[in-house]
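# Results of the structural survey
Spelled out, the chains give:
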Amino acid sequence: MTNFPWLTLLWAIPVVGAAVIIVLPASLRQLAKYAGLVVALLVLALSLMLAARFDPAGEQFQFVENHPWIPSFGTGYILGLDGIALALVVLTAVLMPLLLIAGWNDADDRPGLGRGPHSYIALTLAVEGMVLMSLAALDILLFFIFFEAMLIPMYFLIGGFGGANRGRAALKFLLYSLSGGLAMLAAVVGLYVVTSADKAFDGGTFDFRAIVDALGSGKFTLQPGVAHALFLGFMVAFAVKAPLWPFHTWLPGAAEEATPASAVLMMAVMDKVGTFGMLRYCLPLFPDSATYFRPAISTLAVIGIVYGAILAIGQTDVMRLIAYTSISHFGFIILGIFVMTSQGQSGSALYMVNHGISTAALFLIAGFLVSRRGTRAIAAYGGVQKVAPVLAGTFLVAGMATLALPGLAPFISEFLVLIGTFTRYPALAVCATIALVLSALYVLWLYQRMMTGPVTDGNETVRDLRPRELVVVAPLIALLIALGVYPKIALDVINPAVTATLTSIHQPDPPPAVAEGTRP
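What counts, and at which threshold
- Residues numbered from 1 in each chain as written.
- Predicted model: local features only at pLDDT ≥ 70, side-chain atom pairs only at ≥ 80, totals over all residues.
- Heavy atoms only, no water.
- UniProt positions renumbered as here; feature names shortened; annotations may be inferred.
- Helix = DSSP H or I, 4+ residues; strand = E, 2+ residues; numbered from the N terminus.
- Contact = heavy atoms within 4.5 Å.
- Buried < 20%, exposed > 50% of the residue type's maximum accessible area, 1.4 Å probe, protein only.
- Lys, Arg positive; Asp, Glu negative; His and termini not counted.
- Salt bridge = Lys/Arg side-chain N within 4 Å of Asp/Glu carboxyl O.

The name an unreviewed UniProt entry gives the chain is NADH-quinone oxidoreductase subunit M, with Candidatus Mycolicibacterium alkanivorans as the organism. Note on the chain: under the UniProt heading Sequence similarities (unreviewed entry), the record states "Belongs to the complex I subunit 4 family."

Of note, S348 is situated in helix α15 (residues 342-373). Apart from the residues within four sequence positions on either side, S348 is in contact with I333, G336, I337 and V417.

This part is about the side chain of E128. Tracing the sequence through the fold places E128 in helix α4 (residues 117-136). K272 is the oppositely charged side chain nearest to the buried, salt-bridge-free E128, at an N-O distance of 15 Å. With sequence-adjacent residues up to four places away left out, E128 is seen in contact with P14, V43, T92, A93 and M96.

It is worth spelling out the environment of M266 at this point. Inspection of the secondary structure assignment puts M266 in helix α11 (residues 260-270). Accessibility expressed as a relative area gives 0% for M266, which makes it buried. Spatially, the C-alpha atoms of M266 and L151 are 9.8 Å apart, while their sequence positions differ by 115 residues. The contact partners of M266, leaving out residues within four places of it in the chain, are M154, I158, F173, W250, L251, A254, A255 and D271.

The next thing to look at is unusual backbone geometry. Between A242 and P243 the backbone carries a cis peptide bond, its omega angle lying at -5 degrees. Inspection of the secondary structure assignment puts P243 in the loop between α9 (224-241) and α10 (250-257). Omega for the peptide link from W245 to P246 comes to 5 degrees, which places this bond in the cis form. Assignment of secondary structure puts P246 in the loop between α9 and α10. One non-glycine residue with positive phi stands out, namely M340, at about 55 degrees. By secondary structure assignment, the location of M340 is in the loop between α14 (318-338) and α15. One non-glycine residue, A404, lies in positive phi territory at about 65 degrees.

Burial of α11 is extensive: ten of the eleven residues sit out of reach of the surface. Within α11, the full set of buried residues consists of A261, S262, A263, V264, L265, M266, M267, A268, V269 and M270.

Here we come to the pattern of salt bridges. Inspection of the entire model under this criterion finds eight salt bridges. Between R280 and D82 there is a salt bridge whose closest N-O contact spans 3.1 Å. Here the residue R280 occupies a position in helix α12 (residues 272-285), and D82 occupies one in the loop between β2 (75-81) and α3 (83-102), the gap between them amounting to 198 residues. Among the ionic pairs, K488 bridges to D492, the shortest N-O distance being 2.7 Å. Remark: D492 and K488 occur in helix α21 (residues 488-504); sequence separation between them is four residues, near one turn of the helix. Ionic contacts of the salt-bridge type, sharing partners, join the residues E256, E257, D317, R320 and R376 into one network.

Written as structure tokens, this is what we have:
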């Protein structure tokens, strides 16, 4: 069973499921929801099996599959998972059934446009399959193909099933992402050219592990100017996807216009491929360039942290407010990656998981409320906790997780990022800490305006969470509490991968400011 293609099966199940669902005859299209849910549950079961079989003390990359693809181009079908990729695979697999249940009725209003449930489910599964392939790919060209391909189903999810301005939002999303992808394509081609001209390789190669091993042993070197240009090509694509300030402007509109489930799919699942790419590719492939640009990228990340929090405070649209909080959180993730400390990167990898869960909870609960009231305007709400106490209570827990309340999952990841940052850049850590105060302001003020006080006119008939919605919300709240109380289950898998990355780029943790055994 060791040679069984588990990772191929992992991404093929949702892709094949999407292909089957999209061609269902008209008489069976209402079954698409149930078929999609079955497919997502199969992927979840497989991901949990992989997590159970993964050995944190074993090889860095496990379940490896390596087959020739286009030998003349030096590219192969190479898949494998390290601890960070595994954590994101499990996150994706856990969220997908919940998103399908949350968006159960999202496509029902458009049957006359040819955009029925079968199209919606197929596109959602297609995104899942491409995200899983991107996380598992160990061939750079293979990664790039699926990194770009996932844009297409996401574009149609936003443009086909979103709000009134969905077309503009979808186009902006696509143009920004494709522009970043073009920069990465140039870098991918450039990397192939420099490997083909080097004696360390028998012709050009896209094998990520081979390139990193040759760099680590000194058999392969890059000229600083070339390395900087290639690094920036990769980094721009990932910064758009993540997104990093100032490449973020497509996100609020896309999140606002997409259905809540599609917005969560975009922010909690797909955008994580951007931060994952920074950690997987930018640092090991271009360690000197990553160190050279580290102060600038860390500064942009802190600007994004504070900027996103400030703009969230001023929003009048609840969905747009949550989108800006994600910009702030992505800043924390990117900051943790580029301070290049073990605490920072472990916190960053854990933050990817925790942000996915907390954003899913907050956005979906807000979406359930908006679907009842028919408006995203914060001012239209008030007193909701009196008519829908369970909805208001779960919204509060999700909001507390967003501001990193101790005992909930995001706290430990944010705490690790700040500790890791302080050991490298104390001033940036202090600036990032300001966002903690700002996040308390926008979350608590949002809750006060929407949930407390007298019941605003029009809210008297707001219903509490239905059983289907509780099936979505309850696991997310449980995960926020479980990972907040016992993050070790995730960190035990993540930490060895972080250690391997820092070792490969020769970045030890900074020495303590005060020597051990001394007193001030």
